[in-house]
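Okay, here's what each chain looks like letter by letter:
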Amino acid sequence: MGARGKDPQGVEDHSIHFQSDGLALSPAEYARLLARLAENDKIAADEFSRHGVVTQLEERIAAMLGKEAALFLPSGTLANHLALRLLARRGRRVLVQRESHIHNDAGDCVQELSGLTLIPLAPERATFGLAEAAAEVTRAEDGRVATPVGAISIESPVRRVGGEVFDFTEMQRIAAFAREQGIGLHLDGARLFLAHPYTGIAPQTYAALFDTVYVSLYKYFNAAGGAVLAGSRHLLDNLHHQRRMFGGALRQAWPYAAVALHYLDGFGERFGHAAAAAENLFAALRAHGRCEIVRSATATNVTRLRVRGADAARLPERLLEHGVAIRPALHAAAEGAEFELFTNETILRRPVAETIKAFVKALGSV
């Protein structure tokens, strides 16, 4: 983000939140930003989600992921769905994580609309191993009626497992196995770009293992909505027809594309600073007598904060007095409460020492 006290729009704002991956722009902030981009950058409008700034965004993200082509889509649900339709050629079964978005939050769309069958693996875990995947592939083909696996979809980071990343070594092994078997590979990388400060692995390195990769535009690139699906040119060249068939060819998508393109610039560096600032905050909270920080070794920007004391659930209202917003407690009991904190760029709006002081004061008053 920009200078202290200013967000990337140049608007004075010292407020910090730990409620989501992105800036959570208000309608007024979003409208002001769009007006400024239209005035200064001369946004080229699209036509039914084709050409103009939408094409600029597609080309930029394709290059960042090391892919030949990319396509704007109105939602991650549709991006994942169309990717699996493209890839499941060898068979109609698709291996997924049980905790993945496509398995939990898409209303069985691939089953209902595309005749695919999702096979869930790794309950309550981010990672399934090669042995699990290979066993399911063999089982599907050795049954009385062969039902081959046509695609494997991996989400990483996995929001439903505390933002943990899929083990990269297992990912590489599974990718090599899938290539040998002719099985398509899709990466639900909605939060892929924010994982780099935690893993040290570039988005392009992840993307190289997969045929298709989806990236969200709203989670941390702060667009009002939208997604981009990247892959090879021969896979995506005519996919805009299916986008339209599913009702996804928005009349104009430039208000999404222009904002996402704006926040793409310098995001990796900014988020790296945000992750470092958050770690300084968590170190201070670990040292506080009332607090416990809970993070797995594979966590990204999601952190659990446990606060001891019967009044711990009041922490959000106390923090608001100091310009810091967090979500209500996940769990609250007589002995304490547990909160989920999401690291995002707003932490850079003031020196981290001030944020630490805000938490200390709030903890002292609950």
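Above this text sits the structure in question.
All values derive from a computational prediction rather than experimental measurement.

(A) Quick peek at the packing of helix α1 (residues 27-41) against helix α12 (residues 254-264). Put simply, α1 and α12 touch, their axes get as near as 10 Å, and they point 85 degrees apart. Comparing the axis directions of α1 and α12 gives the class roughly perpendicular. Only Trp 254, Pro 255, Tyr 256, Ala 258, Val 259, His 262 and Tyr 263 of α12 make contact with α1, whose side of the interface consists of Tyr 30, Leu 33, Leu 34, Arg 36 and Leu 37. Of the residues in the contact of α1 with α12, the class split is 10 nonpolar, 1 polar and 1 charged.

(B) Here's a closer look at helix α7 (residues 168-181). In this model, α7 (14 residues) spans 20 Å end to end at C-alpha, consistent with the 20 Å of a helix rising 1.5 Å per residue. Looking at the buried residues of α7, the elements they touch are α6 (130-142), β5 (149-155), β6 (184-188) and α9 (203-207). Gly 182 occupies a position one or two residues after α7 and carries a positive phi of about 75 degrees.

(C) Geometry of unusual backbone geometry. The step from Ser 156 to Pro 157 runs through a cis peptide bond, and the omega angle for that step is -5 degrees. On the secondary structure map, Pro 157 appears in the loop between β5 and α7. For Ala 24, which is not a glycine, the phi torsion comes out positive at approximately 55 degrees. As for its position among the elements, Ala 24 is in the loop between β1 (16-17) and α1. The backbone phi angle of Ser 49 is positive, close to 70 degrees, even though this residue is not glycine. Overall, the relative accessible area of 1% leaves Ser 49 in the buried class.

(D) Structural detail: the environment of Asp 108. Take Asp 108: it is sitting in the loop between α4 (101-104) and α5 (109-114). Along the backbone, Asp 108 and Gln 242 are 134 residues apart, and their C-alpha atoms lie at a distance of 18 Å.

The rules we used
- Residues numbered from 1 in each chain as written.
- Predicted model: local features only at pLDDT ≥ 70, side-chain atom pairs only at ≥ 80, totals over all residues.
- Heavy atoms only, no water.
- Axes fitted to C-alpha atoms, helices over the stretch in contact; angles between N-to-C directions.
- Helix = DSSP H or I, 4+ residues; strand = E, 2+ residues; numbered from the N terminus.
- Parallel < 35°, antiparallel > 145°, perpendicular 65-115°, else oblique.
- Contact = heavy atoms within 4.5 Å.
- Nonpolar A, V, L, I, M, F, W, Y, C, P; charged D, E, K, R; others polar.
- Expected span 1.5 Å × (residues − 1).
- Buried < 20%, exposed > 50% of the residue type's maximum accessible area, 1.4 Å probe, protein only.

Worth remembering: the numbers are spatial, not functional.
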